[in-house]
Amino acid sequence: MPTAKIIEIFSSIQGEGVWVGRPQVFVRFHGCKLQCGYCDTPLTHHSITSAHVEFPPFSKKFENYPLAFTADELNRQLRRFEIPSLAITGGEPLEQVDFLREWLPTLEGKYDVLLETSGVEAEALQRVIGLVDMVSLDVKIPSATGEIPYWEEHQKFINVAVQKPCYAKVVFDEGMNDQEINELKNLMETFPSLCFVFQPVSPLPRRDMKRIFAVFGRFSALFPKQVRLIPQTHKFLSIL
Ligand code: SF4
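Residues numbered from 1 in each chain as written. Predicted model: local features only at pLDDT ≥ 70, side-chain atom pairs only at ≥ 80, totals over all residues.

Student: Can you tell me about the overall build of the chain, naming the residues and giving the values?
Tutor: Within the chain, the regular secondary structure consists of 8 helices and 11 strands. Its C-alpha atoms give the chain a radius of gyration of 18 Å, near enough to 18 Å, the size a compact globule of 240 residues would have. Based on the C-alpha atoms only, the size of the chain along its principal axes is roughly 50 × 35 × 30 Å. Looking at the chain as a whole, 36% of its 240 residues qualify as buried. Contacts in the chain between residues far apart in sequence, at least 24 positions, make up 76% of those at least 6 positions apart. (Helix = DSSP H or I, 4+ residues; strand = E, 2+ residues; numbered from the N terminus. Rg over C-alpha atoms; globule rule 2.2 N^0.38 Å. Buried ≥ 20, exposed ≤ 12 C-beta atoms within 10 Å, placed from the backbone. Contact = placed C-beta atoms within 7 Å.)

Given below as structure tokens:
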């Protein structure tokens with residue numbers, strides 16, 4: 001039975017995407033091959049020796065546990081929260097897909113499961129798509145990430161994700177250029193039923209909001225039913 005490398009397990013209110021406002025338990029997996037400039041989980045790129053598990057729920061007090069979790073140990077920790085909704089996040093959880101394949105069925109439908117992913121690992125998603133309830137996939141904008149483009153990978157990934165309820169999260173800033181706008185338009189036209197949540201890079205006071213609204217305005221004029229603008233609301237609430 002594979003084990004999972006997990007950075008932390010904690011309770012919070014979902015601050016992003018279409019499940020915003022939901023109380024959830026967040027299971028943060030370690031490791032991600034991407035290096036987005038705005039990544040707010042720097043620990044995912046460093047070797048760590050222990051996992052932090054919040055207890056009691058919503059206390060912001062943490063206990064230390066060994067880094068590698070078996071499915072049984074993870075489920076034991078989750079039961080302590082008594083919250084029936086999970087955000088499987090990272091890092092990139094799909095980099096530990098062997099564990100997800102073994103662990104997710106042991107939840108026996110007791111949780112609503114949201115998978116938060118960078119949206120580039122289509123083959124891994126195919127292996128677990130039947131085991132999650134909602135997929136939140138990123139569309140990586142190179143001017144915001146500082147990374148290479150992943151348009152083809154996103155297209156393949158969404159083709160798998162649409163088997164289940166899903167939405168795309170577009171983290172962007174005032175630097176989004178015309179080429180990126182055109183690539184994103186193409187993606188939105190290819191998947192007309194998919195909701196695209198535009199999320200300005202935090203913190204908002206550092207953003208050129210006039211330019212942010214101008215970029216969003218171009219998409220909302222073309223795809224009024226497909227777009228949402230939702231900033232990271234947990235940052236306003238000063239919660240995890
Ligand atoms: S994909 Fe997510 S976890 Fe990975 S570097 Fe980007 S923001 Fe961080």
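Structure's up, so let's keep going.
Student: Can you tell me about the pairing of strand 4 (residues 62-66), naming the residues and giving the values?
Tutor: With 0 of its 5 residues buried, strand 4 lies for the most part at the surface. Pairing analysis gives 5 bridges linking strand 3 (residues 50-54) to strand 4, with the strands arranged antiparallel. Considered in strand 4, the bridge of A51 is made with Y65. (Pairing = 2+ DSSP bridges.)

Student: If you had to explain the site of the ligand to someone new, which residues and values would you point to?
Tutor: Lining the immediate surroundings of the ligand are C32, L34, Q35, C36, C39, T41, T44, G90, G91, E92 and S118. Here the residues of the shell around the ligand are counted per class, giving 4 nonpolar, 6 polar and 1 charged. (Near = placed C-beta within 6 Å. Nonpolar A, V, L, I, M, F, W, Y, C, P; charged D, E, K, R; others polar.)

Student: Break down the environment of L104 for me, citing the residues and quoting the values.
Tutor: Position of L104 relative to the elements: it lies in the loop between helix 2 (97-103) and strand 7 (112-117). We classify L104 as partly exposed; it has 19 C-beta atoms within 10 Å. Taking the C-alpha atoms as reference, L104 lies 7.9 Å from V132; in sequence the two are 28 residues apart. Contact partners of L104, with chain neighbours within four places excluded, come to V113, V128 and L131.

Student: Tell me about the nonpolar core, and name the residues and values.
Tutor: Judged by nonpolar contacts, the single largest core of 52 residues is most densely connected at I6, V27, A161, V170 and F172. Among residues more than four places away in sequence, those in contact with I6 are V27, R28, F29, H30, A51 and F69. (Core = buried A, V, L, I, M, F, W, Y, C linked by C-beta atoms within 7 Å.)

Student: Explain the environment of A214 to me, and be specific about the residues and the numbers.
Tutor: With respect to the helices and strands, A214 occurs in helix 7 (residues 209-222). C-beta crowding within 10 Å serves as the criterion here: with 12 such atoms nearby, A214 is assigned to the exposed category. Taking the C-alpha atoms as reference, A214 lies 45 Å from N75; in sequence the two are 139 residues apart.

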